[in-house]
Amino acid sequence: MSGPLDGLVAVVTGAGRGLGRAIASRLADDGARVVVNDVDPDGCAASVSLLGDAATACAADVSEPDGAAKVIDHALERFGRVDVLVNNAARFSTVRHQPFGEVAVEEFDRILQANTRVVLLPTQRAVPHMASQGGGRVINIASGSILAGTPGLLPYVASKGAVFAMTRVLATECGPLHVTVNSVAPGLLVTPGSLDNTPEPAFAHQRAIRPLGRDGQPEDVASAVSFLASPASGFITGQMLVVNGGAQYY
């Protein structure tokens with residue numbers, strides 16, 4: 001059976017577990033060949049083992065120029081092209097909850113730098129190849145926290161707000177190259193990272209304020225990413241698709 005992404009090659013960063021793994025799995029199910037990236041080699045291997053022959057692993061830190069280059073070059077060497085880049089890698093599970101007045105400038109800089117460089121560097125490396133092929137898709141994972149103003153997470157929320165702002169600039173600059181750039185803003189999801197870093201009352205609160213009244217799952221976001229990766233989204237760029245069960249409207 002054919003899928004909407006047949007013949008396409010997708011790179012998914014931060015795909016060693018959780019949301020990234022769900023995105024990679026959905027893109028593979030929809031017909032794409034997938035490069036699974038993560039800083040954790042074991043996570044990469046575990047994801048690829050679930051995806052089978054449609055996937056290949058490339059462990060690297062895409063917040064560093066050499067790591068970003070390694071991942072995109074691996075896709076070109078393995079599959080000969082790059083059609084879709086999903087910038088999912090980010091620091092979240094290790095971010096401390098604390099009032100803004102207690103945030104050390106070093107920590108603020110570290111999180112802001114890490115969560116924006118993981119968008120900038122792979123995109124810089126991938127877009128010229130997409131342009132030479134006639135076009136492509138860049139999908140950045142932002143966060144519903146930028147709509148909620150989630151307290152206690154100022155550095156993380158600031159970094160994800162920057163991701164959305166970057167998405168708009170990239171969409172404007174990449175449009176003439178026939179490359180669309182969009183973002184997806186998930187609400188709180190049930191993932192290993194969020195379970196490590198989020199108390200149960202926060203999940204209960206989200207269920208209570210969502211009109212759909214349930215926990216968000218990684219597969220909910222993966223479906224949105226697949227749509228933005230597909231030909232069906234060809235006239236959509238510079239947008240943020242919020243996937244949060246209606247907790248906030250955008």
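Scroll up for the structure.
Residues numbered from 1 in each chain as written. Predicted model: local features only at pLDDT ≥ 70, side-chain atom pairs only at ≥ 80, totals over all residues. Heavy atoms only, no water.

**What about the pattern of salt bridges?**
- Enumeration over the complete set of coordinates arrives at nine salt bridges.
- Here arginine 125 makes a salt bridge to aspartate 73, at a shortest N to O gap of 2.9 Å. Here arginine 125, found in helix α4 (residues 105-133), pairs with aspartate 73, found in helix α3 (residues 65-79); they are 52 residues apart in sequence, far enough to count as distant.
- For arginine 81, the salt bridge goes to aspartate 83, with nearest N and O atoms at 2.8 Å.
- Overall, the relative accessible area of 29% leaves arginine 81 in the partly exposed class. (Salt bridge = Lys/Arg side-chain N within 4 Å of Asp/Glu carboxyl O. Helix = DSSP H or I, 4+ residues; strand = E, 2+ residues; numbered from the N terminus. Buried < 20%, exposed > 50% of the residue type's maximum accessible area, 1.4 Å probe, protein only.)

**Some thoughts on the pairing of strand β6 (residues 179-186)**
- Along β6, eight of the eight residues are buried, which leaves the element largely enclosed by surrounding structure.
- Burial along β6 is two-sided: the face carrying Val179, Val181, Ser183 and Ala185 and the face carrying Thr180, Asn182, Val184 and Pro186 are both buried.
- Where strand β5 (residues 136-141) lies against β6, six bridges are found, and the strand directions are parallel. Across the sheet, the residue bridging to isoleucine 141 is valine 184, located in β6.
- Note that β6 and strand β7 (residues 240-243) share four bridges and pair parallel. Bridged to proline 186 within β7 is valine 243. (Pairing = 2+ DSSP bridges.)

**A look at the environment of glutamine 248**
- Relative to the assigned elements, glutamine 248 resides in the segment after β7.
- As for glutamine 248 and leucine 147, which are separated by 101 residues in sequence, their C-alpha atoms are 6.8 Å apart.
- Apart from the residues lying within four places of it in its own chain, the contact partners of glutamine 248 are Gly144, Leu147, Ala148, Ile209 and Val242. (Contact = heavy atoms within 4.5 Å.)

**So, the pairing of strand β2 (residues 33-38)**
- Extensive coverage of β2 is indicated by the burial of five of its six residues.
- Bridge count between strand β1 (residues 9-12) and β2: four bridges; the pairing is parallel. The partner of valine 12 across the bridge, within β2, is valine 36.
- For the crossover that starts at β1, traverses helix α1 (residues 18-29) and ends in the parallel β2, the hand is right-handed.
- Relative to strand β3 (residues 55-59), β2 runs parallel, the two sharing five bridges. Bridge pairing links valine 35 to threonine 56 in β3.
- Where the polypeptide runs from β2 across helix α2 (residues 41-51) and back to β3, its parallel neighbour, the crossover connection is right-handed. (Right-handed = clockwise from strand over helix to strand, strands pointing away.)

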